[in-house]
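Residue-level listing of the chains:
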2 protein chains.
Amino acid sequence: MSVFGPSATLGIVGGGQLGRMLALVALDWGYRVHVLCQHKDEPAACLAHRCFLADFTDEATLRAFAESCAVMTCEFEHVPATALHVLEAHGLLRPKASVMLCAQNRHAEKQAIQEAGFLVAPWQKVTDEKSARDACQVLGYPSIIKTARMGYDGKGQRRLDNDNDLMASAALWQAGTCIIEKKIDFVCELSVVACGSVAGAPLCYEPSRNVHESHILRRSHVPSGVSVALCQQAQRIARQLVQHLEVVGLLAVEMFVTQDETLWVNELAPRAHNSGHWTMDACVSSQFEQWLRMICGLPSGDVRRLYDVTMQNLLGEEVHRFLDDVSHKEKRVHIYGKTQARAQRKMGHVNVLSKRYP
Amino acid sequence: MSVFGPSATLGIVGGGQLGRMLALVALDWGYRVHVLCQHKDEPAACLAHRCFLADFTDEATLRAFAESCAVMTCEFEHVPATALHVLEAHGLLRPKASVMLCAQNRHAEKQAIQEAGFLVAPWQKVTDEKSARDACQVLGYPSIIKTARMGYDGKGQRRLDNDNDLMASAALWQAGTCIIEKKIDFVCELSVVACGSVAGAPLCYEPSRNVHESHILRRSHVPSGVSVALCQQAQRIARQLVQHLEVVGLLAVEMFVTQDETLWVNELAPRAHNSGHWTMDACVSSQFEQWLRMICGLPSGDVRRLYDVTMQNLLGEEVHRFLDDVSHKEKRVHIYGKTQARAQRKMGHVNVLSKRYP
């Protein structure tokens, strides 16, 4: 049960904004930060004490990185299995590789969720035209085909309303294993960020209600507006998944809520999550502070919510609203330092605080 | 009235913890950060996009640094005049050089405070034995001799109780101009961090009551415990000094309170101040966020206080209390990432939050 305090070196695998916001907390606490990524201009790379620039096939660099860190964590889940094994062989990876592998494959993920006793949308594995047709026979339309790997923000998935849509998706299963899942007719989507420690019971934040536009998260609302009972059930599911998977770190759990108040688990992410960014300004301890605390074996911080809050993503050119946003005292802005404001790219976010609780 | 948003480059002159905490806010807002200092391991240096390593006589490097930044600020006041002029000739320095020069010389500082209409301890300029003896004739004992320049944390000053103490201090005036000031018999010390913008009236935080031990700040308490009237007077003094000196940025004002509730201005610092670290966790906008806002020409943030708070400095080995401190939910820890925990060295600080206000 290793504990790491300031002056220890935190290793962040990946150079994106989640790694950057984790690094900011670690630096405020005096940790050294090493980042493994592919380009020195990535958001997390530019504030690291040391960058290891390599792709995930460069075993020597992976090893050098692992040996330079007291503890490592991945800021995105699609790290190749071979790389995860090298990192784990030469250092301490939290969450462990098996958690990452589960979250990066939709089969393993859905199986784990079902083993833990929770509902997922009915689904079938698809490897070829026959299994695809069989799946749609069983599941019916509308349904969704998703690549088993590397899907995010709607990439690698497609809605299926009929056999034509299905046949037009052949490229997906020809490229690799897919799943087809029944389209859940949900009334809203909730997500919960749960914290798994080396010792002691899991904790979690309040659920947020998430609004997507063209498959990209637009806003998260807390409180979510669903019943207290449903909030508690969502939190219980997240905590139990942390225990089932033995997560040391964070686990973000996305769930669909149907008309009958049933919760269907959609996706897991073993890291901080965009839908948890509201915690940066509405809680004493943010999801990034909790991430650091969990992987360093520190006691949990304070996850209670102090404000009603809406988190708004700044996509593409919206980042240029900065000068207006910072003129509103109730808006708390975070910008990721990306040089190009490409359309739909996540450039930053704003937490709009409203009612404050004593 | 130039305004700088994210993707602009902020230049920080000096590599200490004040620069580091300013950089952390700037990075959270997507700014690029350049640091001018002497060693790449200084607290602010290790998280900068780019470091310019030089002493303050290296004009070419000063110029290159200035030309690389949209706006520059000094995180300590003892930057040599020649260096300030080079920076100002090749870039935008906020606060301007004249403010820095005033704050780094105890004569100019006391004269400015008196010109603005506020009280300072009776004082005399001292350049040799005669002027020293004359000063003590006029002021009497106990008094304090201070070097005009480069004094901080009690360095370059000495209490005088008699002529022997005076003569034993000859080395001070032989090394450079000094002042002797009458020892003020104060009941407490207050400080106020005020914010000066390019346009609009100055703002300030609530005064803190500061407790020193062997000339080093140990704790700051907010609320200060002095009367509302005295708090308001202290804030008025700080705001008027910002206007008198035309500070764009921050001005920290240290004051003594005597039994009769008179305020005597002791020292000015044109930057964030150790006694303002409580704002990092007890206010929505910290003194570092306000510093960034002011020098970038952004509107002011929210300087209201949300908690009762005591700021405790972590000196030397006290930094190793970290693991205990982070286990208390009401304690918010900040560590500066200094490698050597030398005795009395400022290694970090803890804000202990108590009563919370809606």
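Just so it is clear, the structure is predicted and the values come from calculations on it, not from any experiment. (Residues numbered from 1 in each chain as written. Chains lettered and ligands numbered in written order. Predicted model: local features only at pLDDT ≥ 70, side-chain atom pairs only at ≥ 80, totals over all residues. Heavy atoms only, no water.)

Undergrad: So what's going on with the side chain of His34(A)? Which residues, and what values?
TA: With respect to the helices and strands, the residue His34(A) is situated in strand β2 (residues 32–37). Reaching out from His34(A), the side chain makes a polar contact with the side chain of Ser68(A) at a distance of 2.9 Å. (Helix = DSSP H or I, 4+ residues; strand = E, 2+ residues; numbered from the N terminus. Polar contact = N/O pair within 3.5 Å; in protein donor to acceptor, adjacent residues only side chain to side chain.)

Undergrad: Can you explain the pairing of strand β6 (residues 143–147) of chain A? Please cite residues and give values.
TA: Residue and element names in this part refer to chain A. The buried fraction of β6 amounts to five of the five residues, a majority that puts the element mostly inside the structure. Of the two faces of β6, the one carrying Ser143, Ile145 and Thr147 and the one carrying Ile144 and Lys146 are both buried. Sheet topology places β6 next to strand β7 (residues 157–160); four bridges connect them, and they run antiparallel. The residue of β7 that forms the bridge with Lys146 is Gln157. When β6 meets strand β8 (residues 178–182), the two strands line up antiparallel, connected through five bridges. By the bridge assignment, Thr147 is partnered in β8 with Cys178. (Buried < 20%, exposed > 50% of the residue type's maximum accessible area, 1.4 Å probe, protein only. Pairing = 2+ DSSP bridges.)

Undergrad: Give me the packing of helix α2 (residues 59–68) of chain A against helix α3 (residues 81–90) of chain A: which residues, what numbers.
TA: All names here are of chain A. Axis separation between α2 and α3 bottoms out at 8 Å; the angle between their running directions is 40°. If you check the angle between α2 and α3, you find them oblique. Two packed elements cross with a definite hand, and for α2 against α3 that hand is right-handed. Contact with α2, carried on its side by Glu59, Leu62, Arg63, Phe65, Ala66 and Glu67, involves Ala83, Val86, Leu87 and His90 of α3 and no other residues of that element. When the residues that make up the contact of α2 with α3 are grouped by side-chain class, the tally is six nonpolar, one polar and three charged. (Axes fitted to C-alpha atoms, helices over the stretch in contact; angles between N-to-C directions. Parallel < 35°, antiparallel > 145°, perpendicular 65-115°, else oblique. Left-handed = near helix turned anticlockwise from the far one by under 90°. Contact = heavy atoms within 4.5 Å. Nonpolar A, V, L, I, M, F, W, Y, C, P; charged D, E, K, R; others polar.)

Undergrad: Describe empty space enclosed by the protein, with residues and values.
TA: The full count for this structure, using the stated rule, is three cavities of 30 Å³ or more. The wall of the largest cavity is formed by 39 residues, among which Met280(A), Asp281(A), Met280(B), Asp281(B) and Arg332(B) lie closest to the centre. Taken together, the residues of the lining of the largest cavity sort by class into 24 nonpolar, five polar and ten charged. (1 Å grid on protein atoms, 1.4 Å probe; cavity = no way out; pocket = protein on both sides within 12 Å on 5 of 7 lines; lining within 4 Å. Points joined across faces, edges and corners; volume = space filled by probe spheres on them.)

Undergrad: Please give an account of the interface of chain A and chain B that cites residues and values.
TA: At the junction of the two partners, chain A supplies 39 residues and chain B supplies 39 residues. Both faces combined, the contact of chain A with chain B buries some 3300 Å², and carbon together with sulfur accounts for 58% of it. On the chain A side of the contact with chain B, Asp28(A), Arg332(A) and Arg356(A) bury the most area, a combined 18% of that side's loss. Our count for the contact surface shared by chain A and chain B stands at two salt bridges. Notably, a salt bridge pairs Arg332(B) with Glu289(A), separated by 2.7 Å at the nearest N-O pair. Counting across the chain A and chain B interface gives 18 residue pairs in polar contact (both at pLDDT 80 or more). Counting residues per element, the ones that place at least two in the side of chain A that touches chain B are α1 (17–28), α11 (287–295), α12 (322–325) and β16 (331–335) of chain A. In terms of residue class, the side of chain A that touches chain B is made up of 22 nonpolar, nine polar and eight charged. (Buried area = accessible area lost by both parts, 1.4 Å probe. Salt bridge = Lys/Arg side-chain N within 4 Å of Asp/Glu carboxyl O.)

Undergrad: Please give an account of the packing of aromatic side chains that cites residues and values.
TA: Taken as a whole, this structure holds 14 aromatic pairs over all chains when the rule is applied. Relative to Phe76(A), the ring of Phe56(A) has its centre 5.9 Å away and its plane inclined at 45°; by these criteria the two rings are tilted. Of the two residues, Phe56(A) sits in the loop between β3 (50–53) and α2 while Phe76(A) sits in the loop between β4 (71–74) and α3, which places them 20 residues apart along the sequence. The class of Phe76(A) is partly exposed, set by a relative accessible area of 24%. Seen in terms of ring centroids, Tyr205(A) and Trp278(A) are 6.1 Å apart; in terms of plane orientation they differ by 80°. Their pairing is edge-to-face. Here the residue Tyr205(A) occupies a position in the loop between β10 (203–204) and β11 (208–213), and Trp278(A) occupies one in the loop between β14 (263–269) and α10 (279–282), the gap between them amounting to 73 residues. Since its relative accessible area comes to 1%, Tyr205(A) is described here as buried. Joined through ring pairs, the aromatic side chains of Trp29(A), Tyr31(A) and Phe322(B) make up one cluster. (Phe/Tyr/Trp six-rings, centres within 6.5 Å; stacked < 30°, edge-to-face > 60°.)

Undergrad: Describe the domain arrangement of chain A, and please don't skip the residues or the numbers.
TA: All names here are of chain A. In terms of domains, chain A is made up of domain 1 (9–93), domain 2 (122–182) and domain 3 (186–356). Domain 2 and domain 3 are separated by 29 Å when their C-alpha centres are compared. Buried area between domain 2 and domain 3, summed over both chains or domains, comes out near 400 Å², and the portion from carbon and sulfur atoms is 42%. Joining domain 2 to domain 3, the criterion identifies zero salt bridges. Taken together, the connections running from domain 2 to domain 3 amount to zero residue pairs in polar contact (both at pLDDT 80 or more). (Domains from an automatic or database assignment.)

Undergrad: An account of the nonpolar core is needed here, citing residue identities and associated values.
TA: Residues Tyr31(A), Phe288(A), Leu292(A), Tyr31(B), Phe288(B) and Leu292(B) are the most contacted members of the largest nonpolar core, which totals 117 residues. For Tyr31(B), the contacting residues outside a window of four places in its chain are Phe322(A), Phe4(B), Gly5(B), Pro6(B), Ser7(B), Ala8(B), Ala26(B), His49(B), Leu292(B), Cys296(B) and Leu298(B). By size, the runner-up hydrophobic cluster in this structure holds 31 residues, among which are Ala112(B), Val120(B), Ile237(B) and Val265(B). (Core = buried A, V, L, I, M, F, W, Y, C linked by side-chain atoms within 4.5 Å.)

Undergrad: Could you give an account of the relation of the copies chain A and chain B, with specific residues and numbers?
TA: Mapping chain A onto chain B leaves a residual RMSD of 0.0 Å; the transformation is a rotation of 180° accompanied by 0.0 Å of translation along its axis. In short, the pair behaves as if placed about a two-fold rotation axis. When you check the interface residues of chain A against chain B, 100% turn up at the interface there too, and the contact is symmetric in its surfaces. (Least-squares fit on C-alpha atoms with pLDDT ≥ 70 in both.)

Undergrad: Tell me about α11(A), residues and numbers included.
TA: Residues and elements named next belong to chain A. With nine of nine residues buried, α11 lies mostly within the body of the structure. For α11, the set of buried residues is Gln287, Phe288, Glu289, Gln290, Trp291, Leu292, Arg293, Met294 and Ile295. Just downstream of α11 lies Gly297, where phi reads positive at about 70°.

Undergrad: Which residues make up the pattern of salt bridges, and what are the values?
TA: It is possible for side chains bearing opposite charge to pair when their charged atoms get close. All names here are of chain A. Enumeration over the complete set of coordinates arrives at 42 salt bridges over all chains. A salt bridge links Arg133 to Glu129; the nearest nitrogen and oxygen atoms lie 3.1 Å apart. On the criterion of helical spacing, the pair formed by Arg133 and Glu129 is a turn pair, its members being four residues apart in helix α6 (residues 129–139). A single network of salt bridges, built from pairs that share partners, joins Glu213, Arg218, Arg219 and Glu318.

Undergrad: Any details on helix α9 (residues 228–245) of chain B? Residues and values, ideally.
TA: Residue and element names in this part refer to chain B. Over its 18 residues, α9 runs 26 Å from end to end, which matches the ideal 26 Å to within 8%, given 1.5 Å per residue. All buried positions along α9 are accounted for by Leu230, Cys231, Ala234, Gln235, Ile237, Ala238, Leu241, Val242 and Leu245. Looking straight down α9, one finds that the buried residues subtend no more than 155° of arc, so they occupy a single side. Seen from the open side of α9, the exposed residues pointing more than 90 degrees away from its buried face are Val228, Ala229 and Gln243. Those residues of α9 that are buried are in contact with α4 (97–103), α5 (106–115), β9 (186–196), β10 (203–204), β13 (249–258) and β14 (263–269). Positive backbone phi, at 55°, marks Glu246, one or two positions downstream of α9. (Expected span 1.5 Å × (residues − 1). Arc of directions from axis to C-beta.)

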